Amino acid sequence: MGLFSKLASLLGIKKKEANVLFVGLDNSGKTTIINKLKPEDAQQHDVVPTVGFTVEKFKNKSLSFTAFDMSGQGRYRNLWEHYFKECHGIVFVIDSTDKLRFAVAKEELSMLLDHNEIKRKRIPILFFANKMDLRDSVSSVKLSSMLKLEDIENKPWHICSSNGLTGEGLSEGTEWLSREMESAIKQQN
Amino acid sequence: MEQTCQKSSVNAAAVEKNKKDDVRQRCERLHKNIAEIQYQRHSMGIDVYDDFMRYQESEHRQQLEKQQKYDAKQLMKFQERMDIHLGGHFEFVDKPTKHFKFEFIPNGGGNPFHNLEKSSVLQEARTFNETPINPRKCSHILTKVLYLINQGEQIGTTEATETFFAMTKLFQAKDPILRRLVYLGIKEMSKIAQDVIIVTSSLMKDMTGKEDQFRGPAIRALCSITDNTMLQSIERYMKQAIVDKVHAVSSAALVSSLHLSKGSQEVVKRWVNEAQEAVSSDNIMVQYHALGLLYHIRKNDKLAVTKLVSKFSKHSLKSPYAYCLLIRIASKLMEEEDAGSESPMFDFIESCLRHKSEIVIYEAAHAIVNLKNTTAKELASAVPVLQLFCSSPKPTLRFAAIRTLNKVAMKHPAAVTACNLELENLITDSNRSIATLAITTLLKTGNESSVDRLMKQISSFMNEISDEFKIVVVQAIQSLCLKFPRKHNVLMNFLAGMLRDEGGFDYKKAICDSIITIIEENPEAKEAGLAHLCEFIEDCEHTVLATRILHLLGREGPRTPTPSKYIRFIYNRVILEQAPVRAAAVTALAKFGAHCEELLPSCVVLLERCLLDTDDEVRDRATFYVNVLKQTQKALNSTYILNGLQVSVVGLERSLHHYTLEPSAEPFDMKSVPLETQPMVEQKTVREPGETVSAKPSEKVAASRQDIYAEQLGAIPEFANLGSLFKSSSLPIELTESETEYVVQCVKHTFSRYMVLQFDCTNTLNDQILENVTVQMDGAEGFDVLKTIPCPSLPYNKPGTTYTLVRLPEDPQLVTGTFTCVLKFIVKDCDPNTGEPDEEGYEDEYVLEDLEVTVADHVQRVMKPNFSASWEEVGPENELEDTYALSTMKSLEEAVKQIIQFMGMQPCERSDKIPEGKSSHSLFLAGVYRGGHDALVRAKMAMTEGGVTMQLTVRSTDPNVSEVLATAIG
Ligand SMILES: Nc1nc2c(ncn2[C@@H]2O[C@H](COP(=O)(O)OP(=O)(O)OP(=O)(O)O)[C@@H](O)[C@H]2O)c(=O)[nH]1
Ligand SMILES: [Mg+2]
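What you see is a predicted model, and the numbers here were worked out from it, not measured in a lab.

Draft legend 1. The overall build of chain A, seen in detail. The secondary structure content of chain A amounts to six helices and six strands. Seen in sequence order, chain A has helices and strands lined up from the N terminus as α-β-α-β-β-β-α-α-β-α-β-α. The proportion of buried residues among the 189 residues of chain A is 53%. Put simply, chain A shows about 9,000 Å² of open surface, and 51% of that area lies on carbon and sulfur atoms.

Take a look at the structure:
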């Protein structure tokens, strides 16, 4: 069964659904961002470090998202791969103030891109350079060159600065992601 | 719709027909097979006959006929059942090693999960990964997975982990049924899959979420995947959940806490305030669970538990379940304190007899009846309650009451006879479990004349009750047999009948156990019992039972009046069974050859046929036995066939290991291996019928107490070269009176030339610490005290050990002596609260009781299954004989007991049991004397007016040993 055939079959019947995997190091702000994307009444007040994963749902104008919010702590990162197979898009969140660990983030990213389930697929990847509000944050341009994003082959990618607390930059990112995922669907047809 | 209905009924008819055809075919095959088997048997019989059993022809033919009849009957029985149960089919299992075996396999009576296959179900479970989720389909598949796990299907870690992660994707679906199945799935798989903590956050979200119906189950699932390291992170949520206003949530949190506390008592202890709050909940379940947790947290603190009971017994709890728990706690406390009816706990329990809830009343009555110190006085209040329940219209109450009475029937017969009228009514109860318990209860308390009537009643519905209750009946019969030895015929036949019926392993084992016990207790029942067991192994699918019975036949068969009749049964096993049974049969055959001269040639012929067996063990055994038997030497037969290995298996393993570690030119010396220690008192507990059968003693080869001592002593460098430990005295000897300042017990460890005295000391003064503690020993002639190993420090209430090493006298005849003992130490006073000792101490001493070294300390008990063979083996060379008048002994029993104790030897051939009404008796004792000399004692005793006269004959491989033993009594 093709990757997007399920998705495609739903075209036009109901709002299209897509599985999106949220990964990135711990404390980067994945859960905070997802929380902000959820409808206001479903938002949580306090966000605690994730253990394992949770599933959340949210929508934008064109798509219905099922987000797998993975835990970023070192000992749980090897569990991400269990969720690679079914995802239609990946969101990689980086704490743009955590310069010390950029190298770690880069390492995790290249392992992700190199994974069998991901390698040959044209899955769009969205990068959030999160915590843009903090003074010592690195700009998205600088971050993208530090992570060598331009080396990514065969996958559309996009980076934007974000603020998980206020929601700034989030819609720009998700708009891009849904466009990419939709066009992937069209290509399939 | 209608169409499909019709179609399915047509299908059903076809299926039915197919089934009938199937059954017919199977029957035909069965017939054919049985004919074949009979032919096989027959030819085999002729074989046996030709070769060596001419004189047995007629008996043999009878046996064959009997067997044929039995086979035919079996077949008919099965056919009958086939007709009744056309809803199923017979599976014919034709094992090469067995004659035949067929099982009835029902179709599963509409169970949609019948015939599920693990691999295909797990394959289906991959559906969970698909998006979007189809909740109905996934629920169905997940149910199948759960069903398989609950059926005991083993799922490997990799498979389980894959399925588990697929299942985690189902968290996307909001469907409540599916979600709750996922919780169950998590719980079931938490122990078999890896990385199950992956669902932690998801569960925590549900546990704190808005959906009340998710919260409780999420808590339970969460606690099943949480280990100690994660516990802290969920602590806050657990505390909140315990006091949640939703009862289901609170209950789930309480019960989960209880489970968690098994791993980490410490964290859960911190939730005591929340638990306390939950006890006052107005929901009966929450209250019960909260009390349970509270008790669990405090259960190691006796004072706190006492307070708990007295507080809540006054407080009037709302929940009857909580009351029941409180009653249990109270009776446990009474048990621990060895308290009687004067205890306030008892008042509480008794007051519960007047509670308005039946379950509380029953719990109280049950507790009182089962109290250790219950007397007629306490029973007087509880028994009427049970009596009333016996005639209740509710079957649960009748069952509970009769079960309780059944259990205590032996202990409190009076209580039970008071209910006889009610019990008689229950005999015909439509609930067979109740009827079984009623009858077995009556059997236990009734007299000999009622046995026949009750047995008849039982046999009328024996095939309607479950194995578990059949075992109750078996045990009742066993105790009856021991109570009324004269009835053994009726009862034994009944057991034999049960042995022929269908039944699982536990049931069959219980029957065999009972027959064996009866044989051992009652020599008159021996031949009949052995015959029944012989018949049983002819068609026994349980290897354990078959080998056990073969072992018994080998031991007992040769000594019956007609040993030859067992040979055929044993040799049949060699032909038809699997390797372990064949090996056991070979050993049994060898025993007949070794014991019965007239059967020797035949046995050798039979054993020679096993020399080419496909199994190594069988072949080796046969080769060994044939060679030993051909020597025709009594001594060899006794040592290598009839009386077997006498060393401790654990000890042998250790000695061999040691030997391989330190290679030496000398061959391995069996004498250096510690002997197997025989338990002092025979620990045969005649199991109370109705007691849980599950509490089986472990059958593994356990390290004995002495093996443990040997290891402890071996670890002390000073004792490293004493040689191997020969004997440790069985019960510690008290050298102080109870409740003194210091408590000292002594264990004597005998080596071939030394003795180590182990003194276990306890300091019961909380304001003192003793240091450099030793025991000074003096006064025994010929014994040299060589060394003491002090106990460096003896703080309050922490036992410590000091050792004294003694060289035994050179004179081989000088083996007994009395030591005076003084405990020497340095006292340091200390603060009772902190245990902080003073800098300075002072020397002090404390006089202990005298310590005796007796003859028994030099002798290790050894079991000789065939005493007369050993007696011949040792021979009359060093025989000593003397006659004694034991004027102080008032009975033969007393004399037997005293002599065993004096000699420290093992009674053989059950000669420690004196048949009732006998005025003379022979006691056979066996042992090994220090240094590895076999020692045997035969004591012929007769009761006379002036006490007991005894002729004592001692045989040994060493003249000095005979001398020592012969003069031990004097
Ligand atoms: N100042 C600032 N803080 C943020 C922003 N986004 C997240 N945070 C904070 O960063 C911390 C970590 O956020 P989480 O959402 O728990 O991070 P996570 O990536 O889910 O971490 P793990 O679950 O451990 O993998 C929280 O204290 C957030 O309040 C942001 O844009 N600006
Ligand atoms: Mg998170």
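Next comes the rest of the write-up.
Draft legend 2. Molecular detail of the overall build of chain B. Along the backbone of chain B there are 38 helices and 19 strands. Carbon and sulfur atoms provide 52% of the accessible area of chain B, an area that totals close to 47,500 Å².

Draft legend 3. Looking closely at the UniProt feature "binding site: Mg(2+)" (unreviewed entry) in chain A. Feature annotation in UniProt places "binding site: Mg(2+)" (unreviewed entry) on Thr31 and Thr50 of chain A, given in this structure's numbering. Annotated residues spanning 20 residues; largest pairwise C-alpha distance 7.6 Å, indicating a single compact cluster. In the annotated group above, the second largest pocket draws its lining from Thr31 and Thr50 of chain A. The topology assignment puts threonine 31 of chain A in helix α2 (residues 30-37). Ignoring sequence-local partners within four residues, the contact set of threonine 31 of chain A consists of Val47, Thr50 and Asp69 of chain A. Position of threonine 50 of chain A relative to the elements: it lies in the loop between α2 and β2 (53-59). Residue threonine 50 of chain A is classed as buried on the basis of its relative accessible area, which comes to 10%. Setting aside residues up to four positions removed in sequence, threonine 50 of chain A forms contacts with Thr31, Asp69, Ser71 and Gln73 of chain A together with Ser201 of chain B.

Draft legend 4. Summary view of the pairing of β2 of chain A. All names here are of chain A. Counting buried positions along β2 gives five out of seven residues, so the element sits mostly inside the fold. Sheet topology places β2 next to strand β3 (residues 63-70); seven bridges connect them, and they run antiparallel. Paired with glutamate 56 across the two strands is alanine 67, which belongs to β3. Linkage of β2 to β3, two consecutive antiparallel strands, is achieved through a turn of three residues.

Draft legend 5. Quick look at the site of ligand 1. Residue and element names in this part refer to chain A. Around ligand 1 lies a shell of 20 residues, among which Lys30, Thr31, Thr32, Gly72 and Gly164 are the nearest. At a separation of 2.8 Å, an oxygen atom of ligand 1 approaches a polar side-chain atom of threonine 50. Here an oxygen atom of ligand 1 sits 3.1 Å away from a polar atom, N or O, in the side chain of asparagine 163. The dominant element in the shell around ligand 1, judged by the number of residues it contributes, is α2, at three residues. Residues that form the shell around ligand 1 fall into these classes: five nonpolar, 11 polar and four charged.

Draft legend 6. The arrangement of the side chain of serine 201 of chain B in detail. Along the polypeptide, serine 201 of chain B turns up in helix α7 (residues 200-207). Excluding residues that lie within four positions of it along the chain, serine 201 of chain B makes contacts with Pro49, Thr50, Val51, Phe53 and Thr54 of chain A.

Draft legend 7. Region of interest: the interface of chain A and chain B. Each side of the interface is counted separately: chain A has 25 residues, and chain B has 20 residues. Between chain A and chain B the total buried area reaches about 2,000 Å² when both faces are included, carbon and sulfur atoms providing 60% of it. Taken together, the connections running from chain A to chain B amount to two salt bridges. A salt bridge links lysine 169 of chain B to glutamate 86 of chain A, with the nearest nitrogen and oxygen atoms 3.2 Å apart. There are nine residue pairs in polar contact (both at pLDDT 80 or more) connecting chain A and chain B. Of all the secondary-structure elements, those providing two or more residues to the side of chain A that touches chain B are β2 and β3 of chain A. If you tally residues by element for the side of chain A that touches chain B, the top one is β2 of chain A, at five residues. Across the side of chain A that touches chain B, the residue classes tally to 11 nonpolar, eight polar and six charged.

Draft legend 8. A look at helix α4 (residues 135-150) of chain B. Residue and element names in this part refer to chain B. For α4, built from 16 residues, the straight-helix expectation of 22 Å at 1.5 Å per residue is met to within 8% by its first-to-last C-alpha distance of 22 Å. Listed as buried for α4 are Cys138, Ser139, Ile141, Leu142, Lys144, Val145, Leu146, Leu148 and Ile149. Looking at the buried residues of α4, the elements they touch are α3 (118-124), α5 (157-168) and α6 (176-189). Glycine 152 occupies a position one or two residues after α4 and carries a positive phi of about 90 degrees.

Draft legend 9. Focus on the coordination of the magnesium ion (ligand 2). All names here are of chain A. Those protein atoms acting as donors to the magnesium ion (ligand 2) are Thr31 (OG1) and Thr50 (OG1), and they sit at 1.9 to 2.0 Å. Of this pair, threonine 31 sits in helix α2 while threonine 50 sits in the loop between α2 and β2; the two residues are 19 residues apart in sequence, bridging distant segments of the chain. Residue classification places threonine 31 among the partly exposed positions, given a relative accessible area of 22%.

Draft legend 10. Inspection of the environment of asparagine 35 of chain A at higher detail. All names here are of chain A. Here asparagine 35 shows up in helix α2. Taking the relative accessible area as the measure of exposure, asparagine 35 reaches 10% and is therefore buried. Considering only alpha carbons, one finds asparagine 35 and histidine 45, 10 residues apart in sequence, at a separation of 9.0 Å. Discounting residues that sit within four places of it in the chain, asparagine 35 has contacts with Gln43, Gln44 and Val47.

Draft legend 11. The arrangement of the packing of aromatic side chains in detail. In this structure the tally under the stated criterion is 22 aromatic pairs over all chains. Pairing tyrosine 659 of chain B with phenylalanine 668 of chain B gives two aromatic rings, centres 5.3 Å apart and planes at 70 degrees, and the pair type is edge-to-face. What makes phenylalanine 668 of chain B partly exposed here is its relative accessible area of 24%. Plain terms: the ring middles of phenylalanine 867 of chain B and phenylalanine 924 of chain B are 4.8 Å apart, the flat faces sit at 35 degrees to each other, and that makes the pair tilted. In this pair, phenylalanine 867 of chain B is assigned in helix α36 (residues 867-874) and phenylalanine 924 of chain B in strand β17 (residues 920-929), connecting sequence segments 57 residues apart. Residue phenylalanine 924 of chain B is classed as partly exposed on the basis of its relative accessible area of 23%. Every member of this aromatic cluster is reached through a ring pair, and the members are Phe53, Phe68 and Tyr83 of chain A together with Phe164, Phe165 and Phe171 of chain B. The ring of tyrosine 83 of chain A is capped by lysine 169 of chain B, whose NZ or CZ atom sits 5.0 Å from the centre of that ring.

Draft legend 12. Spatial organisation of the pattern of salt bridges. Residue and element names in this part refer to chain B. A complete count under the given rule lists 45 salt bridges over all chains for this structure. The partner of glutamate 771 in a salt bridge is lysine 828, with the nearest N and O atoms 3.1 Å apart. With a gap of 57 residues between them, glutamate 771 in strand β7 (residues 768-778) and lysine 828 in strand β11 (residues 817-829) connect regions that are remote in the sequence. With relative accessibility at 23%, the residue glutamate 771 sits in the partly exposed group.

Draft legend 13. The arrangement of the nonpolar core in detail. All names here are of chain B. The biggest cluster of nonpolar side chains holds 236 residues, and the ones touching the most others in it are Phe164, Ile186, Leu203 and Met498. Leave out the neighbours within four places in its chain, and leucine 203 touches Phe171, Tyr183, Ile186, Ala218, Ala221, Leu222 and Ile225. Val815, Ile914, Ala939 and Met950 belong to the second largest nonpolar core, which has 31 residues in total.

Draft legend 14. Spatial organisation of helix α12 (residues 272-279) of chain B. Residues and elements named next belong to chain B. Turning to α12, its buried residues are Val272, Glu274, Ala275, Ala278 and Val279. Mapping the buried residues of α12 onto a view down its axis gives an arc of 160 degrees, with all of them on the same face. Residues Asn273 and Glu277 are exposed on α12 and point more than 90 degrees away from its buried face. For α12, the elements touching its buried residues are α9 (228-242), α10 (247-260), α11 (265-269), α13 (284-298) and α14 (302-315).

Draft legend 15. Here's a closer look at the environment of glycine 529 of chain B. All names here are of chain B. Following the sequence through the fold, glycine 529 ends up in helix α27 (residues 526-537). A relative accessible area of 0% means that glycine 529 is categorised as buried. Along the backbone, glycine 529 and asparagine 493 are 36 residues apart, and their C-alpha atoms lie at a distance of 8.9 Å. Residues contacting glycine 529, with those up to four places away along its chain left out, are Met492, Ile515 and Ile519.

Draft legend 16. Fine view of the confidence of the model for chain A. Residue and element names in this part refer to chain A. When pLDDT is averaged along chain A, the result is 88; 90% of the residues meet or exceed 70. In this model, residues 1-5 is a region of pLDDT below 50 whose contacts with residues beyond four sequence positions or in other chains number nine contacts. Low pLDDT, under 50, characterises residues 8-13; the predicted model gives this stretch six contacts beyond four residues in sequence or across chains.

The rules behind these values
- Residues numbered from 1 in each chain as written.
- Chains lettered and ligands numbered in written order.
- Predicted model: local features only at pLDDT ≥ 70, side-chain atom pairs only at ≥ 80, totals over all residues.
- Heavy atoms only, no water.
- Helix = DSSP H or I, 4+ residues; strand = E, 2+ residues; numbered from the N terminus.
- Buried < 20%, exposed > 50% of the residue type's maximum accessible area, 1.4 Å probe, protein only.
- Areas by Shrake-Rupley, 256 points an atom, 1.4 Å probe, with all protein chains shown as cover.
- UniProt positions renumbered as here; feature names shortened; annotations may be inferred.
- 1 Å grid on protein atoms, 1.4 Å probe; cavity = no way out; pocket = protein on both sides within 12 Å on 5 of 7 lines; lining within 4 Å.
- Contact = heavy atoms within 4.5 Å.
- Pairing = 2+ DSSP bridges.
- Near = heavy atom within 4 Å.
- Polar contact = N/O pair within 3.5 Å; in protein donor to acceptor, adjacent residues only side chain to side chain.
- Nonpolar A, V, L, I, M, F, W, Y, C, P; charged D, E, K, R; others polar.
- Buried area = accessible area lost by both parts, 1.4 Å probe.
- Salt bridge = Lys/Arg side-chain N within 4 Å of Asp/Glu carboxyl O.
- Expected span 1.5 Å × (residues − 1).
- Donors = N, O, S within 2.8 Å, 3.2 Å for Na, K, Ca; no water.
- Phe/Tyr/Trp six-rings, centres within 6.5 Å; stacked < 30°, edge-to-face > 60°.
- Lys NZ or Arg CZ within 6 Å of the ring centre and 35° of its normal.
- Core = buried A, V, L, I, M, F, W, Y, C linked by side-chain atoms within 4.5 Å.
- Arc of directions from axis to C-beta.
- pLDDT = per-residue confidence, 0-100.

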